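Listed below, chain by chain, are the residues.
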Amino acid sequence: MSLVRCATVLVLATLVASQRERPDREKQKEFSECLLSGGTRESCRTILADSQGETGERPSPQPQDEVLERLEAERGAPAALAEQLKNCDYGEEGDTDAEKREAFKECKDKALESLERLRGDDVKPEELERELEKAAEESARGIVKRCLDAASTDSDKEACFNSEEAKTEMAAISGRDPSEFKADDMREAMREGAASDLVEEVSNCQKNAQDENSRKECLRPSDEMKKQIADSRGKASGDVKDSEVREFLEEGAEEDMWSIMKSCGEDREACLESAKEMLGTATGQGKSDITDDQLARRLSNAMKDELAESMAACTRAATDDIARQLCRDILTDQVLSTADNRTKHSKGDKNQALKEAGKAAATDVVKDCQGTREECLTRLMEKAAESMGRRPEDLTEVEVERLNEEGSKEAAKESIKSCTSAKKDNAQATCGDALAVYAAGRGKGDLDASEQRRVKQELAEDLEKDDIALCLKSESREEYNACMENLKETSDVQDELFSGLDEKVKEAKKKRAKDDASVDAVGEIFRSCMEEAESDAEKEECKKEIKERSEIAGLTEDEDDVILKYKRNVVAASARACDASKRSECVHQAKEELVKLGLKRRAFGVVKKLADLKEAAEAFAECQEESTVDGVDDTCIEEAKSTLEELSGSTEIWSDEIQAKVQALGEALTEGREILIRKLRQVLVEAISSAATCSDAFLDRIIDRVMGVARNFTVPGSDRPRDITDKRCRVTFGKARYFCKVSTEDMDDDETQQLSDDISEDLTTAEITIERLRRLGERRLSETITETYADQEVEETSSTSSTSTAESTTESTTESTTEATTTTTTTTESTMPDEQTTSGGTEHPTGANAAAGSCLSAAVALASILML
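Residues numbered from 1 in each chain as written. Predicted model: local features only at pLDDT ≥ 70, side-chain atom pairs only at ≥ 80, totals over all residues. Heavy atoms only, no water.

### What to know about the overall build of the chain
Threshold: What counts as a helix is a DSSP run of H or I of at least four residues, what counts as a strand is a run of E of at least two, and both are numbered from the N terminus. Each residue gets one of three labels from its accessible area relative to the maximum for its type: buried under 20%, exposed over 50%, partly exposed in between, using a 1.4 Å probe on protein chains only. Should any heavy atoms of two residues lie within 4.5 Å, those residues are counted as being in contact. Working definition of accessibility: Shrake-Rupley area with a 1.4 Å probe, residue cover restricted to the visible protein chains.
Helices and strands together make up the secondary structure of the chain, namely 32 helices and eight strands. The buried share among the 868 residues of the chain stands at 54%. Restricting to contacts in the chain with at least 6 residues of sequence separation, those with at least 24 account for 73%. Accessible surface, the chain: about 38,600 Å² in total, of which carbon and sulfur atoms supply 47%.

### What to know about helix α17 (residues 373–387)
Our working definition: Expected span, for any helix, means 1.5 Å times one less than how many residues it has.
Spanning 15 residues, α17 covers 21 Å between terminal C-alpha atoms, matching the ideal 21 Å at 1.5 Å per step. Within α17, burial applies to Arg373, Cys376, Leu377, Arg379, Leu380, Lys383, Ala384, Ala385, Glu386 and Ser387. Immediately beyond the C-terminal end of α17, within one or two residues, lies glycine 389, with a positive phi of roughly 75°.

### Thoughts on the nonpolar core
Buried together is how nonpolar side chains tend to be arranged in soluble globular proteins. The test is simple: We call a set of buried Ala, Val, Leu, Ile, Met, Phe, Trp, Tyr and Cys residues a nonpolar core when their side-chain atoms join them within 4.5 Å.
Judged by nonpolar contacts, the single largest core of 47 residues is most densely connected at Leu249, Met257, Ile260, Met261, Met278, Leu299 and Leu307. When contributions to this core are tallied by element, the ones reaching two or more residues are α4 (63–86), α9 (183–207), α11 (223–233), α12 (242–262), α13 (268–283), α14 (292–317), α15 (321–340) and α16 (347–368). Core analysis: the next-biggest nonpolar cluster, separate from the first, contains 46 residues, Val522, Tyr566, Val570 and Val607 among them.

### Some points on the environment of lysine 367
With respect to the helices and strands, the residue lysine 367 is situated in helix α16. Remark: the alpha-carbon pair of lysine 367 and glutamate 188, spanning 179 residues in sequence, is separated by 8.2 Å. Not counting the four nearest positions on each side in its chain, lysine 367 is found in contact with Arg191, Arg233, Glu247, Glu251, Ala411 and Glu414.

### Topic: the state of the cysteines
Cut-off, in case you're wondering: Throughout, a disulfide means two cysteine sulfur atoms within 2.5 Å of one another.
With the rule as written, the count across this model stands at 12 disulfides. Sulfur-sulfur distance for the disulfide between cysteine 419 and cysteine 431 comes to 2.1 Å. Residues cysteine 419 and cysteine 431 are joined through a disulfide that is right-handed, its torsion about the S-S bond being 90°. Of the two residues, cysteine 419 is situated in helix α18 (residues 397–425) and cysteine 431 in the loop between α18 and α19 (434–442); the sequence distance between them amounts to 12 residues. Classification of cysteine 419 by relative accessible area gives buried; the value is 3%. Each disulfide pairs two cysteine sulfurs, and for cysteine 694 the partner residue is cysteine 729, the sulfurs being separated by 2.0 Å.

### A word on a negative patch on the surface
Heads up, the rule is: Patches here are clusters of residues that have more than 30% relative accessible area and form no salt bridge, with a 9 Å joining cutoff for like charges and a 5 Å cutoff for nonpolar side chains (Val, Leu, Ile, Met, Phe, Trp, Tyr). The working definition used for a salt bridge is a side-chain nitrogen of Lys or Arg within 4 Å of a carboxyl oxygen of Asp or Glu. Charged-residue counts in this description rest on Lys and Arg as positive and Asp and Glu as negative, His and the chain ends being excluded. Charge coordinates come from a single atom per side chain, which is NZ of Lys, CZ of Arg, CG of Asp or CD of Glu.
On the surface, a cluster of negative charge is made up of Asp65, Glu66, Glu266, Asp267 and Glu269. By the secondary structure assignment, glutamate 269 is in helix α13.

### A short note on the packing of α9 against α13
The following threshold applies: Each axis is a line fitted through C-alpha atoms, and for a helix only the stretch in contact is used; angles between axes span 0 to 180 degrees, taken between their N-to-C directions. Throughout this description, any angle smaller than 35 degrees is read as roughly parallel, any larger than 145 degrees as roughly antiparallel, any in the 65 to 115 degree range as roughly perpendicular, and the remainder as oblique. Three categories are distinguished: nonpolar for Ala, Val, Leu, Ile, Met, Phe, Trp, Tyr, Cys and Pro, charged for Asp, Glu, Lys and Arg, and polar for the others, with Gly belonging to the last.
Interaxial distance between α9 and α13 falls to 9 Å at its minimum, and their mutual angle equals 95°. In terms of their interaxial angle, α9 and α13 are classed as roughly perpendicular. Counting all contacts with α9, which are made through Val199, Val202, Ser203, Gln206 and Lys207, the residues of α13 involved are Glu277, Met278, Gly280 and Thr281. Looking at the contact of α9 with α13, its residues break down into three nonpolar, four polar and two charged.

### Considerations on the environment of arginine 477
Convention followed: N or O atoms closer than or at 3.5 Å make up a polar contact, with two conditions inside protein: a donor-capable atom paired with an acceptor-capable one, and, for residues adjacent in sequence, both atoms drawn from side chains.
Structurally, arginine 477 is set in helix α21 (residues 477–486). Contact partners of arginine 477, with chain neighbours within four places excluded, come to Glu551, Ile552, Ala553 and Gly554. Among the polar contacts listed, one links the side chain of arginine 477 to the backbone oxygen of isoleucine 552, at a separation of 2.8 Å.

### Side note on the packing of α13 against α14
Two quantities define a packed helix pair, namely the angle between the helix axes and the distance between the axes. In contact at an axis separation of 10 Å, α13 and α14 are set at 80° when each is read in the N-to-C sense. One way to sum up the angle between α13 and α14 is to call them roughly perpendicular. Judged by residue contacts, Leu272, Ala275, Lys276, Leu279 and Thr283 of α13 engage Asp292, Leu295, Arg298 and Leu299 from α14.

### What to know about unusual backbone geometry
The backbone of asparagine 341 sits at a positive phi, close to 65°, despite the residue not being glycine. Relative to the elements of secondary structure, asparagine 341 occurs in the loop between α15 and α16. For phenylalanine 733, which is not glycine, the phi torsion reads 50° and is therefore positive.

### Comments concerning the pairing of strand β1 (residues 675–689)
To keep things clear, this is the line we draw: For two strands to be treated as a pair, DSSP must find at least two bridges joining them.
The buried count for β1 comes to 13 of 15 residues, which makes it a mostly enclosed element. Bridge analysis of β1 against strand β3 (residues 735–743) gives seven bridges, and the strand direction is antiparallel. Bridging across to β3, isoleucine 688 finds its partner in arginine 737.

### Focus: the pairing of β3
The element β3 is extensively covered by neighbouring structure, given that eight of its nine residues are classed as buried. Once strand β2 (residues 724–732) ends, the chain turns through two residues before running back antiparallel as β3, passing phenylalanine 733 with a positive phi of about 50°.

### A closer look at helix α20 (residues 449–471)
When the terminal C-alpha atoms of α20 are compared, their 34 Å separation across 23 residues agrees well with the 33 Å that a helix rising 1.5 Å per residue should span. Between a side-chain oxygen at the N-terminus of α20 and the backbone nitrogen of serine 450 the separation is 3.1 Å; the capping residue is aspartate 448.

### Describing the packing of aromatic side chains
We describe a pair of aromatic rings using the distance from one ring centre to the other and the angle between the two ring planes. Worth spelling out the cut-off: Side-chain rings of Phe, Tyr and Trp (the six-membered ring for Trp) are treated as a pair once their centres are within 6.5 Å; stacked means planes under 30 degrees apart, edge-to-face means over 60, and tilted covers the remaining angles. In our convention, an over-ring charge means Lys NZ or Arg CZ found within 6 Å of a ring centre and within 35 degrees of that ring's normal.
The tally for this structure, following the rule as stated, stands at two aromatic pairs. It is arginine 176 that lies over the ring of phenylalanine 181; its NZ or CZ is 4.3 Å from the centre. The ring of phenylalanine 161 has arginine 187 lying over it, and the distance from NZ or CZ to the ring centre is 5.1 Å.

### Focus: the pattern of salt bridges
Summed over all chains, the structure comprises 115 salt bridges. Linking lysine 262 and glutamate 131 is a salt bridge whose minimum nitrogen-to-oxygen distance equals 3.5 Å. With lysine 262 in helix α12 and glutamate 131 in helix α6 (residues 125–150), the pair connects residues that are 131 residues apart, well separated along the chain. Here the salt bridges share partners, and the residues they tie into one network are Arg373, Glu401, Glu405, Lys409, Arg442, Arg454, Glu458 and Asp462.

### A few points about the side chain of glutamate 131
With relative accessibility at 6%, the residue glutamate 131 sits in the buried group. Those residues within four positions of glutamate 131 in sequence are excluded, and the remaining contacts are Leu81, Leu115, Arg119 and Lys262.

### Concerning the confidence of the model for the chain
Test applied: What pLDDT reports is the predictor's confidence in each residue, on a scale of 0 through 100.
Looking at the chain, pLDDT values average 87 and 86% of them are 70 or higher. For the chain, per-element mean pLDDT is lowest for helix α32 (residues 850–867), which scores 38, and highest for helix α27 (residues 604–625), which scores 98. Counted against residues more than four places away or in other chains, residues 1–22, with its pLDDT under 50, gives 22 contacts. Scored below 50 in pLDDT, residues 813–843 makes 88 contacts in the model with residues more than four places away or belonging to other chains.

### Topic: the environment of glycine 389
Here glycine 389 shows up in the loop between α17 and α18. C-alpha separation for the pair glycine 389 and aspartate 321, spaced 68 residues apart in sequence, amounts to 9.0 Å. Discounting chain neighbours no more than four positions away, the residues touching glycine 389 are Met311, Thr315, Arg324 and Arg328.

Now the structure itself:
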């Protein structure tokens, strides 16, 4: 016990002594004020010397000392700038709004000049907006902190985040209206301030540590650290976990690392060394243990936050689209150059950076918003749009839901990473629940067992994708592999995520995460490029780039298959993100996004089917991996079925054939086998009608049109028509969808594509209409085609299948092509009268239930008589 007390005393003594090692906030502010007012670095440097107990003239600093000196200036700048702006002349009472705006513009111009003096470099007006907001946040933080210190109840603490005094202070400094500031803005400011204070205190402690053990003690979560975090969040210290302390420390370190690089002079190497030292402060690593790739990943994280906040401030100040575009161009170039030291970046690079900024903004909302789900989604839409330089109304429903999903996963990843890091130092460290963080962010209640498994797998994939996205900047496969090796601690985080599972199962899950992450990382590069491409030549360059990136990532498939898998993932993520009531619209919006990436509208049906089946197979695999049942667990089959019905929008899509396909794909996933795209020798046709129920008469007319087109593609050496099979209808998302498959056994790819084009065009332009009895005694309704899909059907299959190779393959459909037995319906005539309809939500092969059909026919006939 005495040893513990002794250790505690030593730690406290270290902390006290360390306060003399680094200047406090007030001295940082004085140093910055000196520079802002035009003082030279040599003359202002004495302020820092005085704060450290030094006397006389301070010697000229070494390169790394200069880096840290610039960091002190950046740390003190917000408070110093706030003081300058508060003392600025904003006009006189009675001035018009225009006169007040002009007076504030003069204040901003002076602030810009002051910042240029502090940094010794040009500061663009687009950058200034964020600096003004940082100054406003710093000033408001003090007001909220004093309020929280005096608060005694939870309601009192909550009221502090809505402090009118703080809002008025922020408005005066930033030039915005007080009503624009929300409680979430205060929470974010307090969270960031606490992270910055914590990392500085630990840094001070470590500077004075006598040995490695003492240095590590500085990182150990103390009651004081937890109190600081609790105060910033308005909660009790006892609710703060050890992992949260680590999370705050790493957040603060990343912000300081960015400040170092942003204010870096010509000696970039010295800045990088200081940034490594700052990272080591938060993680407990020695500077020599931190690789360049690990540092790059942290800078990438900080870049996203910086761009999000800078873009939001700049966009809010922008008065038109031209100004918003300037924000995008100038700020993305600036942050990308700071991160990678390159002077030129492609339009695709900038687009991708803005998407990441939007996700960073969404993550902040997830962390700080305390309102209802609807209120938080509205807040997210506003902040994410500003961070991407867009208007909130320009974001679609599916974009907002995906951002909420991504932000929730990002917050959960930070939670599990900080837990893993904390447990490396102390196996008994307390941790927050990453899944609870995700669930809170989504705002849809607790996760059931199936959802927990899905989210864990997706988190593992996202962790891998972060690494892959960074390493894909490599110039060769060898450089890429070295980069991934340097980031191998991700595997430890995944182990924590999958704790309790068998090692073999863990490895299979990690391999699956890596495979899916590779496709998504490469696909996102392609997407960002295509969204900015304006000419065919630029689009070809995008395709060329994805081929190169695929090879570097080790993807052995054809680049078209990689793109197809990515598109499948976009559809699946969009369907997953939205509630059932909005799912159909979200899927539609995802389709429009994919069309911009070069997908033919008619091909969407095949992509959607791939997405639905893959998600069902994933649900089966994730369930089976944790099952204690020998062999196939019936519960897992039910979970796959439920997933497919939910995402497809049809309650009757499941069949023995579908079950066999889903199970075969799911088993391949659990065994870690490579999954390939296989082309089938048939065109899948899908026609969506305006009716809510199925009609065999309408199906017959669709089949007649398809047969008419197919006659133009006769089988060589034969006059017989092409086989048309699987003629059926099912209700999906409340609309009747009619399906059939056209055999292309003897056709090459070009002919198959031409057949698909012709069928789609014919069904889209044809006037196929039937009159249908709506309800006894009511008017008849017309049924028409509203949308048509037609494309060569594909399926996903295991690399160990006897009929597949490492490349895309084309398979005949006259026999079974998977481990499942394929069943087709080949009836060519309908036995139901034109006026008859069948109930919604079911799949209806033609020619079925003859006896029931007779009864229904009689009923319809009687109804017709009664109507007369």
